[in-house]
Amino acid sequence: IVGDLSVGQEQRLALQRTGIGALASDVNSALYDRQQPLKTSRKAPGNPIWNSYRTRDGRWFLMVMPMAMQYWPHFCRAIGREEWITDPRFGSLLEMAAHGPEIIPELEAMFLTRDLDEWRAVLDGAGLIWE
């Protein structure tokens, strides 16, 4: 069937498939529940290292570390907050979901202290997933 499509139609079809793939969990949830999935709050994410933050130079970046417990110690060391590694509020995924929003204001303030290029060096140096 793809061979019968024009080049523009093939590109739109590929883009649609890519979009659905990127939103697979939302699409699956909507098909199952028959409801619009809720939008994640930047101020109260279930995972503070899957969130967007603004830098001093007014630019934004997105951290995307869905396996939070694997990346949490690396993140804490990179930003100089080693005490969060053993903090019981962040000791499990459930605790992080419950208490992560408490540190969002701290993270927002911290990320506003440097330009994006400075944070790039810190985050890349720690092997963290961000863009």
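Predicted, not measured: the structure shown is a model, and the values here were computed from it.

Novice: I'm lost on the packing of helix α3 (residues 68–78) against helix α4 (residues 93–111) in this one. Help?
Specialist: Each pair of packed helices can be summarised by the angle the axes make with each other and by the distance between the axes. Two elements in contact, α3 and α4, have axes separated by 14 Å at closest approach and are oriented at 35°. Crossing of α3 against α4: the hand is left-handed. Contacts from Ala-68, Met-69, Trp-72 and Phe-75 of α3 reach α4 at Leu-93, Met-96, Ile-103, Leu-107 and Phe-111.

Novice: In this structure, what is going on with the pairing of strand β2 (residues 60–64)? I would like to understand it.
Specialist: Working note: regular strand, side chains alternate between the two faces of the sheet. What you see with β2 is a clean split: Phe-61 and Met-63 sit on the buried side and Trp-60, Leu-62 and Val-64 on the side with no burial. Bridge count between strand β1 (residues 50–54) and β2: 5 bridges; the pairing is antiparallel. Considered in β2, the bridge of Trp-50 is made with Val-64. The loop that links β1 with its antiparallel partner β2 comprises 5 residues; one of these, Gly-58, has a positive phi angle of about 80°.

Novice: Even after reading the chapter, I still don't get the packing of aromatic side chains, so can you show me in this structure?
Specialist: Each pair of aromatic rings is reported with the distance of its centres and the angle of its planes. Going through the model one piece at a time under the given rule, you end up with 9 aromatic pairs. Centroid distance Trp-84 to Phe-90: 6.1 Å. Interplanar angle 65°. Geometry classified as edge-to-face. By way of ring pairs, the aromatic residues Tyr-53, Phe-61, Phe-111, Trp-119 and Trp-130 are connected into one cluster. In this structure, Arg-114 is placed above the aromatic ring of Trp-119, and the distance from its NZ or CZ to the ring centre is 4.6 Å.

Novice: What am I meant to see in the side chain of Asn-47 here?
Specialist: Within the secondary structure, Asn-47 is located in the loop between α2 (24–33) and β1. Of note is the side chain of Asn-47, whose polar atom sits 2.9 Å from the backbone nitrogen of Ile-49. What Asn-47 contacts, discounting residues up to four positions off in sequence, is Met-65, Pro-66, Ala-68 and Met-96.

Novice: Sorry, what's going on with helix α5 (residues 116–125) here?
Specialist: For an α-helix, 3.6 residues make a turn, and residues three or four places apart therefore share a direction. Listing the buried residues of α5 in full gives Leu-116, Trp-119, Val-122 and Leu-123. Looking straight down α5, one finds that the buried residues subtend no more than 120° of arc, so they occupy a single side. Looking at α5, the residues exposed on the side facing more than 90 degrees away from the buried face are Asp-117, Ala-121 and Gly-125.

Novice: Would you explain the pattern of salt bridges in this entry?
Specialist: Once their charged atoms are close, side chains differing in charge can pair, the charge on each being opposite to the other. A complete count under the given rule lists 9 salt bridges for this structure. When the shortest N-O distance is used, the salt bridge between Glu-83 and Arg-81 registers 2.6 Å. Under the relative-accessibility criterion, Glu-83 is labelled partly exposed at 43%. Note on Arg-81: relative accessible area 23%, which makes it partly exposed. A single network of salt bridges, built from pairs that share partners, joins Arg-42, Lys-43 and Glu-108.

About the cut-offs
- Residues numbered from 1 in each chain as written.
- Predicted model: local features only at pLDDT ≥ 70, side-chain atom pairs only at ≥ 80, totals over all residues.
- Heavy atoms only, no water.
- Axes fitted to C-alpha atoms, helices over the stretch in contact; angles between N-to-C directions.
- Helix = DSSP H or I, 4+ residues; strand = E, 2+ residues; numbered from the N terminus.
- Left-handed = near helix turned anticlockwise from the far one by under 90°.
- Contact = heavy atoms within 4.5 Å.
- Buried < 20%, exposed > 50% of the residue type's maximum accessible area, 1.4 Å probe, protein only.
- Pairing = 2+ DSSP bridges.
- Phe/Tyr/Trp six-rings, centres within 6.5 Å; stacked < 30°, edge-to-face > 60°.
- Lys NZ or Arg CZ within 6 Å of the ring centre and 35° of its normal.
- Polar contact = N/O pair within 3.5 Å; in protein donor to acceptor, adjacent residues only side chain to side chain.
- Arc of directions from axis to C-beta.
- Salt bridge = Lys/Arg side-chain N within 4 Å of Asp/Glu carboxyl O.

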